[in-house]
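Structural description and commentary
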Amino acid sequence: MDKKLQLDTILAHAGIKTDEATGALTTPLHFSTTYQHPEFGKSIGYDYTRTKNPTRSSLEKTLAAIESADYALATSSGMSAIVLAFSVFPVGSRVIAVRDLYGGSFRWFHQVEQEGRFHFTYANTEEELLAALTEDIDVVYLETPTNPLMLEFDVAFIAEKAHAKGAKVIVDNTFYTPIYQRPLENGADLVLHSATKYLGGHNDVLAGALMTSDKELYENLFYNLNTTGAVLSPFDSYLLLRGLKTLSLRMERSTKNAQAVAAFLKDSPAVKEVLYPGKGGMISFKVKNEAVIPHLLNTLKVFTFAESLGGVESLITYPATQTHADIPAEVRKSYGLTDDLLRLSIGIEDSQDLITDLKFALEV
Ligand SMILES: *Cc1c(COP(=O)(O)O)cnc(C)c1O
């Protein structure tokens, strides 16, 4: 894939013209787990699908190109991508992570901390992060915007400070995607995604992605992925390639819809606060009266009450009991993830239908 092409072109051309044998336009789905060796001591580059699969390789080329990376790996889920990212750091490594994290990331960080594998310091703000950034820090782990409070961190500024202290920077770019943010271009060492969300875009494939231009880092990640085996299946690789083709259009429409929904929520008398950074499809909001939440969730018809995000259909999530339920209530409340907060993933429907749905459900 030519990195000099613009992002929209790279996406529309995801996986095309990869099959020289037949000229097939789209990437063929290669189910074979094993590959014939042409002769003793020779391989055509594919031996066994855990190590390398042509459909997955085609996906990985696109994944690398969209984040301006030299290398990418496709994994079985976002969580397996996160676990793989940390697998290359030695036991005892010290990590600074943003406080407002995806609940599953927090759950795993907490677990490995309990086991004594890594030590975590959490930062609510950029100032707290920089204050904690000492010479003994090995990794800075960012989600920006954060989930679900939608706080933005400056990747370029933090990467410069982190590198000066000898730390690597990992960014979970699930929310903004390369459409709005390319962390590697801003100095991050490794980008990862829950590709289950916007990259896939249709709520029908669980996948993770890691991208880097650091050859040594890539080789270590590849070694550990091949060894531990949480690779993306050929079929899921195919679905993800297909979803990626429309990422740019989907993001454009989600943003347009989200801007309209955020404006409506800001004017709604039932709403206390709207957390929306102005771009992307994710909006969080706090209601004035927490008691309306069950009614709201039961009344919405166009929005679906469900976990997850980033698909073409709009979802509403109640983080306190769903995505962030594993973060102890006192911890959640201490940083603003209160029980009056709801999170919307805005899809590509008609924005007026979304607003009418919310208006009706918020009225009673
Ligand atoms: C969903 C999510 C994950 C975990 O990804 P899975 O594909 O569900 O394993 C990680 N980070 C963020 C920001 C997410 O939204």
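Conventions used here
Residues numbered from 1 in each chain as written. Predicted model: local features only at pLDDT ≥ 70, side-chain atom pairs only at ≥ 80, totals over all residues. Heavy atoms only, no water. Pairing = 2+ DSSP bridges. Helix = DSSP H or I, 4+ residues; strand = E, 2+ residues; numbered from the N terminus. Axes fitted to C-alpha atoms, helices over the stretch in contact; angles between N-to-C directions. Contact = heavy atoms within 4.5 Å. Domains from an automatic or database assignment. Buried area = accessible area lost by both parts, 1.4 Å probe. Buried < 20%, exposed > 50% of the residue type's maximum accessible area, 1.4 Å probe, protein only. Near = heavy atom within 4 Å. Polar contact = N/O pair within 3.5 Å; in protein donor to acceptor, adjacent residues only side chain to side chain. Areas by Shrake-Rupley, 256 points an atom, 1.4 Å probe, with all protein chains shown as cover. Nonpolar A, V, L, I, M, F, W, Y, C, P; charged D, E, K, R; others polar. Parallel < 35°, antiparallel > 145°, perpendicular 65-115°, else oblique. Left-handed = near helix turned anticlockwise from the far one by under 90°. Expected span 1.5 Å × (residues − 1).

Taken together, the 7 strands give an open sheet; going across it, the order is E1-E7-E6-E5-E4-E2-E3, and neighbouring strands pair in mixed fashion. Among the strands making up the open sheet, the edge pair consists of strand E1 (71–75) and strand E3 (118–123). Averaged over all adjacent pairs, the angle separating strand axes in this sheet is 20 degrees, with direction ignored. The strands that helix H3 (residues 78–87) touches are E1, strand E2 (93–98), E3, strand E4 (139–143), strand E5 (168–172), strand E6 (190–194) and strand E7 (208–212); relative to E6, the one it contacts most, it runs at about 155 degrees. On the sheet, helix H8 (residues 215–228) packs against E1, E6 and E7 and is oriented at approximately 25 degrees with respect to E1.

In terms of domain boundaries, the protein chain breaks down into domain 1 (5–243) and domain 2 (246–360). Once you take the C-alpha centre of each, domain 1 and domain 2 turn out to be 26 Å apart. Contact residues are listed per partner, giving 32 residues for domain 1 and 33 residues for domain 2. Both sides of the domain 1 and domain 2 interface together cover about 2800 Å² of buried area, and 63% of this is carbon and sulfur.

With 5 of 5 residues buried, E7 is to be regarded as a mostly interior element. Here E7 shows a buried face lined by Gly208, Leu210 and Thr212 and a second buried face lined by Ala209 and Met211. In this structure, E1 lies alongside E7, joined through 5 bridges in antiparallel fashion. Looking across to E7, one finds that Ala74 is bridged to Ala209. Two elements, E6 and E7, share 4 bridges in a ladder whose sense is antiparallel. Each residue of the ladder has a partner; that of His193, found in E7, is Ala209.

Attention now goes to the sheet that holds strand E9 (residues 282–287). Taken together, the 5 strands give an open sheet; going across it, the order is E8-E9-E12-E11-E10, and neighbouring strands pair in mixed fashion. A single partner strand is all that each edge strand has here, and the edge strands are strand E8 (271–275) and strand E10 (304–305). Direction of pairing for E9 relative to strand E12 (residues 341–345): antiparallel, over a ladder of 5 bridges. Across the sheet, residue Ile283 finds its bridge partner in E12, namely Leu344. The strands touched by helix H10 (residues 247–267) are E8, E9 and E12; relative to E9, the strand with the most contacts, the crossing angle is about 10 degrees.

Most of E6 is tucked away: 5 of the 5 residues are buried. Where burial is concerned, the two faces of E6 agree: the one with Leu190, Leu192 and Ser194 and the one with Val191 and His193 are both buried. One ladder, built from 3 bridges, connects E5 with E6; its direction is parallel. Residue pairing for E6: Val171 is matched across the bridge by Val191.

Contacts to the ligand come from 13 residues, most closely from Gly78, Asp172, Ser194, Thr196 and Lys197. Take Met79: an N or O atom from its main chain is 2.8 Å from an oxygen atom of the ligand. Here an oxygen atom of the ligand sits 2.8 Å away from a polar atom, N or O, in the side chain of Ser194. In the complex, the protein chains occlude 92% of the 380 Å² of accessible area that the ligand would expose alone. Take the shell around the ligand: its biggest share by element is 3 residues, from H3. Residue classes in the shell around the ligand are distributed as 6 nonpolar, 5 polar and 2 charged.

Turning next to the packing of H3 against helix H4 (residues 103–114). At a minimum axis distance of 10 Å, the contact between H3 and H4 shows a crossing angle of 40 degrees. The orientation of H3 relative to H4 falls into the category oblique. As for how H3 packs across H4, the hand of that crossing is right-handed. Facing Met79, Ile82, Val83 and Phe86 of H3, the residues of H4 in contact are Gly104, Ser105, Trp108 and Phe109. For the contact of H3 with H4, a count of residues per class yields 6 nonpolar, 2 polar and no charged.

So, on to H8. Here H8 spans 20 Å end to end across 14 residues, near enough to the 20 Å set by a 1.5 Å rise per residue. By the burial criterion, the buried members of H8 are Leu217, Tyr218, Leu221, Asn224, Leu225 and Asn226. If you follow the buried residues of H8, they end up packed against E1, H3, E6 and E7. The N-terminus of H8 is capped by Asp214, whose side-chain oxygen sits 3.2 Å from the backbone nitrogen of Glu216. Directly after H8, the chain includes Gly229, whose backbone phi takes a positive value near 90 degrees.

With respect to the element layout, Thr227 can be found in helix H8. Residue class for Thr227 comes out exposed when judged on its relative accessible area of 52%. A sequence separation of 176 residues divides Thr227 from Thr51, and the C-alpha atoms of the two residues are 8.5 Å apart.

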